[in-house]
Amino acid sequence: MKKGQNEFAISSDQKVRIKVIKEKCISAGTCIVYAADTFDLDEDGISYVKEGIWDELEKIVMAAKSCPTMAIIVEDMDGKQLWPLE
Ligand code: SF4
């Protein structure tokens, strides 16, 4: 399992965390279009969260919103869910 699949990966500035629910990902790839520095597809075509410096939060949330199956969860470090909205 790659980073960020089914467990949260934390941004390098420790401000946000992201998880891809692996079982929900249908390899549509739109998350990568919106936030190519944050998401990539693994060898099975499933999205995961990359190492290094991520895109701006706005782009990350747009990527999560673009996911047709709502496979991406974005939270701040207090556990407040930024997407999907609770
Ligand atoms: S947009 Fe959603 S379904 Fe498509 S690759 Fe990203 S996580 Fe998977």
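Computed from a predicted model, the values in this text were never measured in an experiment.

A. Broad picture of the environment of Pro-68. As for its position among the elements, Pro-68 is in the loop between α2 (57–66) and β5 (72–76). Given a relative accessible area of 54%, Pro-68 falls into the exposed group. Along the primary structure Pro-68 and Lys-24 are separated by 44 residues, whereas in three dimensions their C-alpha atoms are 9.5 Å apart.

B. Expanded view of the site of the ligand. For the ligand, the set of nearby residues contains 13 residues, the closest of which are Cys-25, Ala-28, Gly-29, Cys-31 and Cys-67. For the shell around the ligand, the residue count by class is eight nonpolar, five polar and no charged.

C. Seen up close, the packing of aromatic side chains. Scanning all chains against the criterion turns up zero aromatic pairs. The ring of Tyr-48 carries Lys-2 above its face, with NZ or CZ at 4.8 Å from the centroid. Here the basic side chain of Arg-17 rests over the ring of Phe-8, its NZ or CZ set 5.4 Å away from the ring centre.

D. Structural view of the nonpolar core. The biggest cluster of nonpolar side chains holds 19 residues, and the ones touching the most others in it are Ile-18, Val-20, Phe-39, Val-49, Trp-54, Ile-72 and Val-74. Counting only elements with at least two residues in this core, the list comes to β2 (16–20), α2 and β5.

E. Structural view of the pairing of β2. The element β2 is largely enclosed, with a buried count of four among its five residues. With two bridges joining them, strand β1 (residues 9–10) and β2 adopt antiparallel strand pairing. Within β2, the position partnered with Ile-10 by the bridge is Arg-17. As consecutive antiparallel partners, β1 and β2 are separated by five residues, and within that stretch Gln-14 has a phi angle of approximately 60 degrees, a positive value. Where β2 and β5 come together, five bridges link them in antiparallel fashion. Within β5, the position partnered with Ile-18 by the bridge is Val-74.

Calculation criteria
Residues numbered from 1 in each chain as written. Predicted model: local features only at pLDDT ≥ 70, side-chain atom pairs only at ≥ 80, totals over all residues. Heavy atoms only, no water. Helix = DSSP H or I, 4+ residues; strand = E, 2+ residues; numbered from the N terminus. Buried < 20%, exposed > 50% of the residue type's maximum accessible area, 1.4 Å probe, protein only. Near = heavy atom within 4 Å. Nonpolar A, V, L, I, M, F, W, Y, C, P; charged D, E, K, R; others polar. Phe/Tyr/Trp six-rings, centres within 6.5 Å; stacked < 30°, edge-to-face > 60°. Lys NZ or Arg CZ within 6 Å of the ring centre and 35° of its normal. Core = buried A, V, L, I, M, F, W, Y, C linked by side-chain atoms within 4.5 Å. Pairing = 2+ DSSP bridges.

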